[in-house]
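# Summary of structural features
One-letter residues, chain by chain:
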Amino acid sequence: AKKICLKRLGGLPDIVLLNRSGLKIIVSSLLENAIKYSPPGASVSLIGHTTGELFFFEIYDRGPGVPDDEKEKIFERHYRGRLTSDSSKGTGIGLFAAKQLAVALGGDIMVVDRLGGGSVFHVWFQQMPQDTATDKKNEQTSWVKAGPD
């Protein structure tokens, strides 16, 4: 069994509006991979925070990591990393879709090495100006509010 740890660093803004469907696909793809590739008993962490104009969330795992020469390739359609392609099933679509959605929503994704082994997937989005966020919140759209209630 694996543990999933959720953390919030510092104060999140009152409103960060992101497309609900897109965010769900991004988070589920990254969490699914982190859980799949981490060893039994390892924790997977999802941490949210803001820095300046950016809203971040990061997913930490203890999997095999991603070699430097594959850190961009893993986001290509149907690409499977050489450290994981033989050990688990997959199509190479999840990270591709997550990256495409993040960019389409005004953000991006990157992966870095985790100290002690594993990976950290950084996902970030530009925060909407307050007046735009208020307008979007009032629309009947599929947006999700992230932050304190």
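Attention in this report is confined to the structure presented alongside it. (Residues numbered from 1 in each chain as written. Predicted model: local features only at pLDDT ≥ 70, side-chain atom pairs only at ≥ 80, totals over all residues. Heavy atoms only, no water.)

## Regarding the overall build of the chain
Put simply, the rule is: Secondary structure elements are defined from DSSP: runs of H or I of at least 4 residues count as helices, runs of E of at least 2 residues count as strands, and each element is numbered from the N terminus. Residue contacts are counted whenever heavy atoms from the two residues lie within 4.5 Å of one another. Note on areas: Shrake-Rupley with a 1.4 Å probe; residue coverage comes only from the protein chains shown.
Regarding its fold elements, the chain presents three helices and seven strands. Counted from the first residue to the last, the chain has its helices and strands arranged as β-β-α-β-β-α-β-β-α-β. A sequence separation of at least 24 residues applies to 65% of the contacts in the chain between residues at least 6 apart. Surface accessibility of the chain: about 8400 Å² in total, with carbon and sulfur atoms responsible for 54%.

## Remarks on the nonpolar core
How we decide: Joining through side-chain atoms within 4.5 Å is the link that ties buried Ala, Val, Leu, Ile, Met, Phe, Trp, Tyr and Cys residues into a set, and such a set is a nonpolar core. Exposure is judged per residue with a 1.4 Å probe applied to protein chains only, and the accessible area is read against the type maximum: over 50% gives exposed, under 20% gives buried, and values in between give partly exposed.
In this structure, Ile26, Leu30, Phe57, Ile59, Ile109, Phe121 and Phe125 are the most contacted members of the largest nonpolar core, which totals 22 residues. Listing elements by their share of this core, those giving two or more residues are α1 (20-37), β3 (43-51), β4 (54-60), α2 (94-104), β5 (107-113) and β6 (119-126). Not counting chain neighbours up to four residues away, the residues in contact with Ile59 comprise Val27, Leu30, Leu31, Ala34, Val44, Ser45, Leu46, Ser119, Val120 and Phe121.

## Comments concerning the pattern of salt bridges
Side chains that differ in charge, positive against negative, can pair when their charged atoms come close. Short version of the rule: A pairing counts as a salt bridge when a side-chain nitrogen of Lys or Arg comes within 4 Å of a carboxyl oxygen of Asp or Glu.
Per the stated rule, a full pass over the model turns up three salt bridges. Between Asp68 and Lys71 there is a salt bridge, with the nearest N and O atoms lying 3.0 Å from each other. Residue classification places Lys71 among the buried residues on the basis of a relative accessible area of 14%. Close ionic contact of Asp113 with Lys71 constitutes a salt bridge, the shortest N to O distance being 2.8 Å. Here Asp113, found in strand β5, pairs with Lys71, found in the loop between β4 and α2; they are 42 residues apart in sequence, far enough to count as distant. Ionic contacts of the salt-bridge type, sharing partners, join the residues Asp68, Lys71 and Asp113 into one network.

## Digging into the environment of Leu101
Mapped onto the fold, Leu101 is located in helix α2. For Leu101, a relative accessible area of 25% puts it in the partly exposed group. In this structure the C-alpha to C-alpha distance between Leu101 and Ile26, which are 75 residues apart in sequence, comes to 7.2 Å. Those residues within four positions of Leu101 in sequence are excluded, and the remaining contacts are Gly22, Ile25 and Ile26.

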